[in-house]
Structures are given as structure tokens and as C-alpha cells.
Amino acid sequence: MIGLKEAGWFQQWAYKLAIGVGMRQASLREERKPVPAGLALAFWLARALVLNNVRRAIGVHRARILITGGAGYIGSVLTKTLLDRGVAVTVLDNLYRKGSALNLPRLKKHGVKFIRGDVRNPEDIAKAGKIDFLIECSAEPSVLSGKDGDTDYLVQTNLHGAVNCAEYCRKNDAGMIFLSTSRVYPVQPLLDCEIRESVKRFDFAVKQKIPGLSEAGLTEKFPMEGWRSLYGATKLSAEIML
């Protein structure tokens, strides 16, 4: 959390309360049990306190955030959102993906510092200088990547790049958010899940044979054994390393 190191006992308590109550709610939903009104209210209040703490931290400390892969779709949207909240944002991107350069004029117009660099190179990340937080959005996201046998860019970017970002945060005593993917889940259990057709989309059915799966989605009890794409494997490896 931004500014959590400077938070007092009350802010720390609110943060821990939000996590604990949120996990309790998720557990009840997975067991298909109703969530008590008091528990739902406690979560809402704790969440409001945490968000207020973050807003105060941003306003007081003028947080410096580095967004890697910030010229991509998700990265550029996050950049604009944070700028609107008064955060100082630096974007690092190698512009490898076609179309990412089209976002640069809009970002620079809002005063974003842009670094053309690559997360595979720690020296490029270091050009951002002192930061308070890093949001890791960079990735080779193609599910077909590595299919031709060449996995170098895929592994170096998705795995080693994430580790480089984490190491930079360690040296700067900065926080980090790592954007993963649903592709970390193995394919076969997903194919075996029960689906129901609703008016506008397909949803998970109420009854499921697979643990960790319900109409509310997946939990950490979902089985992780099985095959997945190389893209999913590299992102899962990064999760484990982090």
C-alpha cells in the first residue's frame, strides 16, 4: 500500500481488518453460505478506511510511481487514472507491441516522464530514479509466444523482467504490484468446469466438481497441476518468485 510504512496503528489495523474480513467473505461464498450483514458492513467500512488512507498518503507524500509497460493498454489507463489523483508517474516501455507508441503523445501531454527502456535490463529500470511504488504491467502476452521454439524474449521479459523490477523495489524500499494473468491456471480443469448460459454471457454453474470453483469464480484452492501455455507458465513462475 502507498504510504503504509508511515501509517499509524489505526491505519495498520484497518488494512489488516480489510484483508481478514475479505478472506472470511470469500470463504463463505465458496461454501455457498450467506454473508452476514454485519460482516458485509465491516468489510465496507474497513475498505473505506483503507482507501482513505491511500488518498491521504498520495496527497501528502506526492507518491512517485513507476509503471513498467506503461505505454500498453492497461498501463496507459492506470497512468491516466493516477495522474488524475495527483500522483507523479514515470512510464517505462520498450514499445515492442505494435500500437503502444500511439499512447505516448497523450501521456506526454499530461506531463508523464517517459523512458524508452526494457525490464530485461536493470540499468533501464534504474533510470527512473527514486520511487515509492512500481506497477509491473510489462509482458509478452501472446499465448502463442514460444510456439516456434524460441522462448528467449518470453522468459526474459515475463520472468526475469519481473524479478528485475522486484529487485529494484527492494533497493529503493518501494512497494510493488505485479499484474499476472488468468492464463496461470491449467487448461484442463478449466475445460472440465460446469458452465451455464445466462442472458448475455456464459457463467460458472452453481454446482462444481472441481475444488476452489463456484459461481463467484476461482479461489486459491483451484488445482494448479496440469499443462498451460508458455505465457501462463512464465507469469506463474514470476508469481512464485515474487
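*Asks:* Would you explain the environment of isoleucine 19 in this entry?
*Replies:* Its location among the elements puts isoleucine 19 in helix H1 (residues 9-30). You can call isoleucine 19 partly exposed: its relative accessible area is 40%. Measuring from C-alpha to C-alpha, the distance between isoleucine 19 and phenylalanine 43 comes to 8.6 Å, with 24 residues separating the pair along the chain.

*Asks:* Help me understand the packing of aromatic side chains, please; the structure alone is not making it clear to me.
*Replies:* The description of two aromatic rings rests on the distance between their centres and on the angle between their planes. If you walk through the whole model with that rule in mind, you get two aromatic pairs. With a centroid separation of 5.5 Å and 85° between ring planes, the pair formed by tyrosine 185 and phenylalanine 222 is classed as edge-to-face. Here tyrosine 185, found in the loop between strand E5 (175-178) and helix H7 (187-191), pairs with phenylalanine 222, found in the loop between strand E9 (217-218) and helix H8 (230-241); they are 37 residues apart in sequence, far enough to count as distant. Here tyrosine 185 falls in the partly exposed class, since its relative accessible area comes to 25%.

*Asks:* Explain the pairing of strand E1 (residues 64-68) to me, please; I cannot follow it from the model alone.
*Replies:* Look at any regular strand and the pattern is simple: side chains alternate between the two faces of the sheet. Burial of E1 is extensive: four of the five residues sit out of reach of the surface. Sheet topology note: the E1/strand E2 (residues 88-93) ladder contains five bridges and is parallel. Looking across to E2, one finds that isoleucine 67 is bridged to valine 91. Handedness of the crossover joining E1 and E2 through helix H3 (residues 73-84) is recorded here as right-handed. Bridging between E1 and strand E4 (residues 133-136) involves four bridges; their strand directions are parallel. When the bridges of E4 are listed, isoleucine 65 appears paired with phenylalanine 133.

*Asks:* Can you help me understand the sheet that holds strand E3 (residues 113-116) in this one?
*Replies:* Backbone hydrogen bonds hold the strands of a sheet together, and the pairing may be parallel or antiparallel. Read from one edge to the other, the open sheet built from five strands follows the order E3-E2-E1-E4-E5, with strand pairing classed as parallel. Strands with a single pairing partner mark the edges of an open sheet, and in this sheet they are E3 and E5. Each strand axis lies, on average, 15° off the axis of its neighbour in the sheet, ignoring direction. Sitting on the sheet, helix H6 (residues 152-172) is in contact with E1, E4 and E5, with an inclination near 160° to E5.

*Asks:* Help me understand the pairing of E2, please; the structure alone is not making it clear to me.
*Replies:* Of all six residues making up E2, five are buried, and the element is well covered by its neighbours. Where E2 and E3 come together, four bridges link them in parallel fashion. Its bridge partner lying in E3, threonine 90 is registered against lysine 113. Taking the sense of rotation as the criterion, the β-α-β connection linking E2, helix H4 (residues 104-109) and E3 turns out right-handed.

*Asks:* Could you clarify how one ought to interpret the nonpolar core in this entry?
*Replies:* One recurring pattern in soluble globular proteins: nonpolar side chains tend to sit buried together. Within the largest apolar cluster, 13 residues are counted, with the highest numbers of intra-cluster contacts made by Ile65, Ile67, Leu82, Val87, Val89 and Ile135. Going through the elements one at a time, E1, H3, E2 and E4 are the ones with two or more residues in this core. Counting twelve residues, the second largest nonpolar core, distinct from the first, contains Leu66, Val119, Ile131 and Ala174.

*Asks:* How do you make sense of the pattern of salt bridges when you look at a structure like this?
*Replies:* All told, the structure shown has eight salt bridges when counted by the stated rule. For the salt bridge of glutamate 140 with arginine 97, the shortest nitrogen-to-oxygen distance reads 4.0 Å. Of this pair, glutamate 140 sits in the loop between E4 and H6 while arginine 97 is found in the loop between E2 and H4, placing the two residues 43 residues apart along the sequence. One salt bridge in this structure joins aspartate 124 and lysine 127, with 3.5 Å as the shortest N-O distance.

Each value, and the rule that gives it
Residues numbered from 1 in each chain as written. Predicted model: local features only at pLDDT ≥ 70, side-chain atom pairs only at ≥ 80, totals over all residues. Heavy atoms only, no water. Helix = DSSP H or I, 4+ residues; strand = E, 2+ residues; numbered from the N terminus. Buried < 20%, exposed > 50% of the residue type's maximum accessible area, 1.4 Å probe, protein only. Phe/Tyr/Trp six-rings, centres within 6.5 Å; stacked < 30°, edge-to-face > 60°. Pairing = 2+ DSSP bridges. Right-handed = clockwise from strand over helix to strand, strands pointing away. Axes fitted to C-alpha atoms, helices over the stretch in contact; angles between N-to-C directions. Contact = heavy atoms within 4.5 Å. Core = buried A, V, L, I, M, F, W, Y, C linked by side-chain atoms within 4.5 Å. Salt bridge = Lys/Arg side-chain N within 4 Å of Asp/Glu carboxyl O.

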